[in-house]
Structures are given as C-alpha cells and as structure tokens.
Amino acid sequence: MFFYDSLVRIRAGTRTDRGGNQITDWSPGAVQLLEVGGLNIQPASQTEQTDSTRTAVVTGWRVQSDEGDRPDITALDRLEWRGMTLEVEGEVAEWPDPLTGAVHHIEFTMTRVTG
C-alpha cells in the first residue's frame, strides 16, 4: 500500500587502467542500470556543513522495500531518483522475517550533497 516509489540503481562497471589493474568505471557505457520499484521513500535528514570554502547541504531519504522484496542494491551503488543522483549511505540492512529467517525487507539511507 505504501510501496509505490521507484528509483534507478546505477552500478559501476570496471575497466583496466594503464597498469593492468581493474578499476571502477562510472562512464555511461560501463554502468548497469536497473529500475527498482515497490519502495517507500521518505525524508530522513538535512544538515549543513560549513567550512572556510563552502557550505554543503547533506539531504537524506530513508528507503524501505516492500515485504518479501530484496532488491539488488548495495552500498557501492549510486541511485537516480526524481532527477537527482544519490549515494547509499552505510550498508543496506536486511531485516529478517521472525518466523522464517528469510529476508523480510531491506532498509537504507540515500544521501545527496550539494554546495
């Protein structure tokens, strides 16, 4: 009933650098996109961080999946939602079903830093 939001998960690809090492590649041709629905996205926080060169605003949203859903989202992914590119803050928490032990739903915070 409350899980009508969706976002696009952006997962980095990899490429080989000049030294032969595999490195993260966020270029448009390398990333994998996946639309994820069945989410509840709510405002969570907004803070300002000021130093001598700028004032940054950090805004966060709490994301929860519907019961029985375990979308493929990790702490390394970026997310696109309402025209913004956001990052997963911390780890994605898997909440267990108390009766079966299977994943009941996931929760995480996504943030955007501006300024």
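As a reminder, the structure under discussion sits directly above these lines.
Being a predicted model, the structure only gives us computed values, none of them experimental. (Residues numbered from 1 in each chain as written. Predicted model: local features only at pLDDT ≥ 70, side-chain atom pairs only at ≥ 80, totals over all residues. Heavy atoms only, no water.)

> Help me understand the side chain of Thr-111 in this model?
Mapped onto the secondary structure, Thr-111 falls in strand β8 (residues 103-114). For Thr-111, the contacting residues outside a window of four places in its chain are Val-58, Thr-59, Gly-60, Leu-86, Glu-87 and Glu-89. (Helix = DSSP H or I, 4+ residues; strand = E, 2+ residues; numbered from the N terminus. Contact = heavy atoms within 4.5 Å.)

> What exactly am I supposed to notice about the nonpolar core here?
General note: in soluble globular proteins, nonpolar side chains tend to be found buried as a group. With 16 residues, the main nonpolar core has Leu-7, Ile-41, Ile-73, Trp-81, Phe-108 and Met-110 as its most contacted residues. Where this core is concerned, the elements lending two or more residues are β4 (32-50), β5 (55-65), β6 (78-81), β7 (84-96) and β8. Broken down by element, the residue count for this core peaks at four residues, all from β7. When residues no more than four places from it in sequence are discounted, the contact partners of Ile-73 are Leu-7, Arg-9, Arg-11, Val-36, Leu-79, Val-88, Val-92 and Phe-108. (Core = buried A, V, L, I, M, F, W, Y, C linked by side-chain atoms within 4.5 Å. Buried < 20%, exposed > 50% of the residue type's maximum accessible area, 1.4 Å probe, protein only.)

> Sorry if this is basic, but what is going on with the sheet that holds β7 here?
Backbone-to-backbone hydrogen bonds join strands into a sheet, with any given pair of strands oriented parallel or antiparallel. Within the closed barrel, the six strands sit side by side as β1-β4-β5-β8-β7-β6. Their pairing is antiparallel. Neighbour to neighbour, the strand axes of the sheet diverge by 45° on average, direction disregarded. As paired strands, strand β1 (residues 5-11) and β6 are joined by three bridges and run antiparallel to one another. Across the sheet, residue Arg-9 finds its bridge partner in β6, namely Leu-79. (Pairing = 2+ DSSP bridges. Axes fitted to C-alpha atoms, helices over the stretch in contact; angles between N-to-C directions.)

> Whenever I open this one, the pattern of salt bridges confuses me. Can you help?
One side chain can pair with another of opposite charge once the charged atoms of both are near each other. Following the criterion strictly, the structure yields five salt bridges and no others. Arg-11 is the salt-bridge partner of Asp-72, the closest N and O atoms lying 3.0 Å from each other. Of this pair, Asp-72 sits in the loop between β5 and β6 while Arg-11 sits in strand β1; the two residues are 61 residues apart in sequence, bridging distant segments of the chain. Its salt-bridge partner being Glu-94, residue Arg-70 comes within 2.8 Å of it at the nearest N-O pair. Of this pair, Arg-70 sits in the loop between β5 and β6 while Glu-94 sits in strand β7, and the two are 24 residues apart along the sequence. For Arg-70, a relative accessible area of 34% gives the class partly exposed. (Salt bridge = Lys/Arg side-chain N within 4 Å of Asp/Glu carboxyl O.)

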